[in-house]
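Residue-level structural notes
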Amino acid sequence: MFIYLSKKIAVPNNIRLKCVSWNKNQGFIACGGEEGLLKVLKLESQTDDAKLKGLAAPSNLSMNQTLEGHSGAVQVVTWNEQYQKLTTSDQNGLIIVWMLYKGSWYEEMINNRNKSVVRSMSWNADGEKICIVYEDGAVIVGSVDGNRIWGKELKGIQLAHVAWSPDSKILLFGMANGEIHIYDNQGNFIMKMTLHCLMNVTGPLSIAGIHWYAGTEGYVEPDCPCLAICYDNGRCQVMRYENDDNPVIIETGMNVASIQWNHCGSVLAIAGSLRSIGGDKDLNVLNFYTPFGEHLRTLKVPGKQITAVSWEGGGLRIGLAVDSFIYFANIRPDYKWGYCSNTVVYAYTRPDRMEYSVVFWDTKNNEKFVKYVKSLMSVTTCGDFCILATKADDSHPQEDADPEAGAATGVVKLQDIESERYTKQQCQTDWLWELEYLNKDLQELMKMYCIPVQECQNHSQEQNRYVLVLCNSIGTPLDSKYIDIDPLFVTMTKTHVIAASKEAFYAWQYRVAKKLTALEINQVAKIRKEGRERVYHIDDNPSGTTNGMLDFAKAFTATRDPICCITASDKTLVVCRESGILQKYSLPNISLLQKYSLSYRAYQLSLNCNSSRLAIIDMTGVLTFFDIESRGPSGDAEGGASAGDPSKFERKDVWDMKWANDNPDLFAMMEKTRMYVFRNLDPEEPIQTSGFICNFEDLEIKSVLLDEIMKDPERPNKDYLINFEIRSLRDSRALIEKVGIEDASQFIEDNPHPRLWRLLAEAALQKLELKTAEQAFVRCKDYQGIEFVKRLGNLQSEAMKQAEVAAYFSRFEEAERMYLDMDRRDLAISLRIKLGDWFRVLQLLRTGSGEGDDALQEQAYNAIGDYFADRQKWLNAVQYYLQGRNQERLAECYYMLEDYEGLERLASSLPENHKLLPDIGQMFVTVGMCEQAVSSYLRCSQPKAAVDACVHLNQWNKAVELAKNHNMKEIGPLLSKYASHLLEKNKTLEAVELYRKAHHFLDAAKLMFKIADEEAKKRTRPLRVKKLYVLAALLVENYHAQVKNSQQSKAKGKKSEATSALAGLLEEDASTSDSRIVDKAWRGAEAYHFFLLAQRQLYDGNVEASMNTALHLRDYEDIIPAVEIYSLLAICASASRAFGTCSRAFIKLESLESLSPEQRQLYEDLALEIFTKHSPKDGRKSQMDSTDDSAEGKLPTCIVTGRTISDYQFWMCGMCKHCAHEQDITNHNFCPLCHSSLT
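Residues numbered from 1 in each chain as written. Predicted model: local features only at pLDDT ≥ 70, side-chain atom pairs only at ≥ 80, totals over all residues. Heavy atoms only, no water.

What follows is about the overall build of the chain. The secondary structure content of the chain amounts to 32 helices and 62 strands. For the chain, the proportion of its 1239 residues judged to be buried stands at 51%. Considering only contacts within the chain whose residues lie at least 6 apart along the sequence, 48% involve residues at least 24 apart. (Helix = DSSP H or I, 4+ residues; strand = E, 2+ residues; numbered from the N terminus. Buried < 20%, exposed > 50% of the residue type's maximum accessible area, 1.4 Å probe, protein only. Contact = heavy atoms within 4.5 Å.)

Attention now goes to the packing of aromatic side chains. Both the distance between ring centres and the angle between the ring planes are used here to describe each pair of aromatic rings. Applying the stated criterion to the full structure yields 41 aromatic pairs. For the ring pair Phe649 and Phe678, a centre distance of 5.1 Å and an interplane angle of 90 degrees mean the geometry is edge-to-face. Separated by 29 residues along the polypeptide, Phe649 in strand β50 (residues 646–651) and Phe678 in strand β53 (residues 674–679) bring together distant segments of the chain. Its relative accessible area of 10% is what places Phe649 among the buried residues. Each residue in the set Phe625, Phe649, Trp659, Phe667, Tyr676 and Phe678 is aromatic and connected to the rest through ring pairs, giving one cluster. (Phe/Tyr/Trp six-rings, centres within 6.5 Å; stacked < 30°, edge-to-face > 60°.)

Taken as a whole, this structure holds 52 salt bridges when the rule is applied. For Asp837, the salt bridge identified is with Arg832, shortest N-O distance 3.3 Å. When its relative accessible area of 4% is taken as the criterion, Arg832 is described as buried. Between Glu1015 and Arg1024 there is a salt bridge; the shortest N-O distance is 3.2 Å. Classification of Arg1024 as partly exposed rests on a relative accessible area of 41%. Residues participating in the shared-partner salt-bridge network are Glu813, Glu816, Arg832, Asp837 and Arg840. (Salt bridge = Lys/Arg side-chain N within 4 Å of Asp/Glu carboxyl O.)

On to the sheet that holds strand β43 (residues 563–568). An order of β43-β44-β45-β46 is seen for the four strands of this open sheet, with the pairing classed as antiparallel. Either end of the sheet is taken by a strand with one partner, and the two such strands are β43 and β46 (592–597). Averaged over all neighbouring strand pairs, the angle between strand axes comes to 20 degrees, with direction disregarded. Of the strand pairs in this sheet, β43 and strand β44 (residues 572–577) are connected by five bridges, and their pairing is antiparallel. Looking across to β44, one finds that Thr567 is bridged to Val574. (Pairing = 2+ DSSP bridges. Axes fitted to C-alpha atoms, helices over the stretch in contact; angles between N-to-C directions.)

Attention now goes to a nonpolar patch on the surface. A cluster of nonpolar side chains, contributed by Phe189, Ile190 and Met191, occupies part of the molecular surface with about 260 Å² of accessible area. With respect to the helices and strands, the residue Phe189 is situated in strand β17 (residues 189–192). Phe189 gets classed as partly exposed once you look at its relative accessible area, which sits at 46%. (Patch = residues over 30% accessible without salt bridge, like charges linked within 9 Å, V, L, I, M, F, W, Y side chains within 5 Å. Areas by Shrake-Rupley, 256 points an atom, 1.4 Å probe, with all protein chains shown as cover.)

Looking now at the nonpolar core. Grouped together as the largest cluster of nonpolar side chains are 136 residues, with contacts concentrated most on Ile920, Tyr1029 and Trp1082. Other than its neighbours up to four places away in sequence, Trp1082 contacts Val1030, Ala1033, Leu1034, Glu1037, Cys1216, His1218, Leu1233 and Cys1234. Counting 61 residues, the second largest nonpolar core, distinct from the first, contains Val344, Val677, Tyr720 and Leu759. (Core = buried A, V, L, I, M, F, W, Y, C linked by side-chain atoms within 4.5 Å.)

Any functional reading would require information beyond the geometric quantities listed.
Spelled out as structure tokens, the structure:
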């Protein structure tokens, strides 16, 4: 940053000032002094010139009001910015609250305790509460409307200061003896603050200031120190929170009077006095520090005693109360910014985010892209690229990125990256900025050459990691490197990035992705071998012949003379040290060429375009020059001086300078609020501006008003980018306009520059002086301009030449009008086609007719359709594509509009085997429209694609049908593969559904039987198991029907139905390996049906029927465990008093091998208990001995009652082929076994 005094306001009658406070929001300045003096001032800039903004604009006092009311010296003034109130207090303890009414300040409230004097007052962050502390220990907290909230008397304590925490939960009370006590917002004591800055300090001291930054503009870093406490002896500590055990300690070495943070908490101003060396007089100084204790600048202030300091709201000015004067100083902040490829890159903090917002503002198209970057340290730009230096995120491991070597090594994640386009419809999308690279070669090199941290004797205990991220002009990361040294100074050329700490510098030869020739590929491989990253200690003397290693271990060796700034050009690197020694190195092979000595410490360095002269701005803002190469006779007055001779040039109060990119003797510099342009060290007249210089090229200076942009960084305005023409360009333009081309040509000959020749060429073209124009184009090496002049010379018509010149200078409307006046509509159309203005092309085509108009009209319709499609206005695009008969883009528009009917109509209108049909088919597949997709594929003779579409959409029956119709054999393996995939994921039911849809009923049935068997083993609900067996059996029935139908279709009516049925059965036997599933498909369902039926009959009290049904279960021991069958039979027989049957059931149970001895003993005990009471005999004929067999074999069983059917007439189910008595089935609507409808 740079600071200089800019204005002084005297207080009448030489009344000494005691305090000053600057209202951050409205800009009012309140100052209090002796004899009851209280003034409110306001500085406002008044100018209509757009270029004169910010500090450059003249400022005048728009308000200068003296407030009457205090009789004693005003000691405390504080603003309530939220409610526009001013609170003041004097030495008599009188407190007055002032309010603004109709442009003037009036008393609103008065309070006087009459016991003690007010030492400090502080409003909280939201302006709702004020805390007032009195010298005698009284504390009052009141509301904004004047009501007391609470009060407290702190006995035996003298209070001197008070401060609120940002969240208004904590109050800090500073005592007269220097102690600081921490209280809550209700006045309850919490603890004493530990004052690390006063360790080993003796003697009386007092608190000079306490300021707790409220975070209203965000923080420069996460966990950034924000509470500053300073003592009059110069000791200061900056804390992260009120009980921070590790604060930043600052030793200012001065007598401190006042402190204050700037608007964003990035700079702490400490005002006071310094004992001058060898004299008795104190020197007023203003020191600036970062929150981390780094000293930034010192400003010497005239006068006897400085009493107070206060920042302006934007942080660009600071007010100082000195004796009876208010001094104003202008600040030129160290913005994190740069300029590359018509893009201004700048960073700012926001209160709602911990990261920096880095804006890439494309000034040409007025678009901006925002990235969020954690712990950003600096922004450096060159050419088309930008380097962001950041602290590495601890959550990510150390890895390096190297995209050029074919891949890369590392992950750089910069949080939350968001992009916005500054268009009418603002679109904000967050993305994660991530580079992922893998390069084994570099990893091996790192293992070979990188020394572990533990082996470095001088390495700090905690190794900090930093990242350099190479970005393009829209913020896209192209490459990145992790480094161990702190990149305090970063410079960049078109090929190198140089980052330096205080002890060492790191050189990275970066490359960006592009098409490489075979020769370049070899060069890249060579560079990779030699190493593109090197680290050098500042005390080393590299010769450039040996290959540098990427060894950060040596970078931490301490040096007595640290680095203070660096700069580089394509062939030279210059490093300056704090002692004033300049070290010049060569690039790209880094070797120390020479050392020079300066008598001062440099702050900023800059090399001109041919690396012959170095510009140096020192810590006090003095600009000088240093010739580091011998200059020839074409140089300035010192031309021919030997290398190393300093120039006699010197300018003070310089805070920015920029060399011209195309002239080594041309540069621009900023001196306070004036810009000077120098040619051969001769200045032109100054330009009033406070902008930062972006670029100096083609005799034009591009400057950006960063101060104005930072007021509203989310909405940069093109008005904040200003172009200045230097005098030779202005004079040449004036000569051409007022004197003539001939005299102007002579002037440009004497002051040659490509830009001036181009200006002359354009002026000659306007007047059709083709010879002069051609000569000028030759001088500025514009080949296209030369070709254009030759083409003009071949034209006969003057009007035609005028029209071509108008088009050359982008006056297209004028050129078109000339073409039409010459009746050359074709040339007007050709011009509009070159410009891509297809709407105008269409209008011109409609105004007349000519050869090829139909083709052109179609082209125009399609181009307009493309225009709307690019903007996603699909409905508008459809209208033009229809007229342009562009079927491919029409299909795309229908698809994006989800107009599938339109897409279907388009597909049906296309001829067979049209190249667009497969694409349309794929569109239908992506939205699940199987029939339409199949139709499209079949029309272009792609049956395999149609089958694949059916498979993709799970339409397996359709897939199988298509495969059979087109004699495709691969459907079976594909089906099996997909089924296996489902089974691996335990999706058996999905596999069953897959086989069922594909009409592979037998495979489906096998899986279904497997599921049923598994469920039966789990002993789940019998009804569920029965349903599963029924489903499996129904699938087998479907298989029977399928075989039968296939035989009938093969027979084609030639054979009888019986013959075809027999053939189907024979085919089943031939093709089925598992006959159990096919022949006895219903056994499982039957078993569980009778099992459930028996229990239902038992519970209904129909014990005889239940026993008869249970007897049938003896045939199903392979399905239901025998222990369950005979247990049920024993219960049913016992209930029906058929103890003979019951006895035989117990005998069967006791003989089962599956029972354990304990279970067998239980059965025996139960049998003994039953049969000691009842004789083991049946009342009727034993059912277990009876047989159901007849002469014709086994008789059928009624599935309704469980009785054997001996009648000749009975009912049979058409689905499962099971029987029932006719009188029993009449009460049912569905088959009790398979549940098919009886209707």
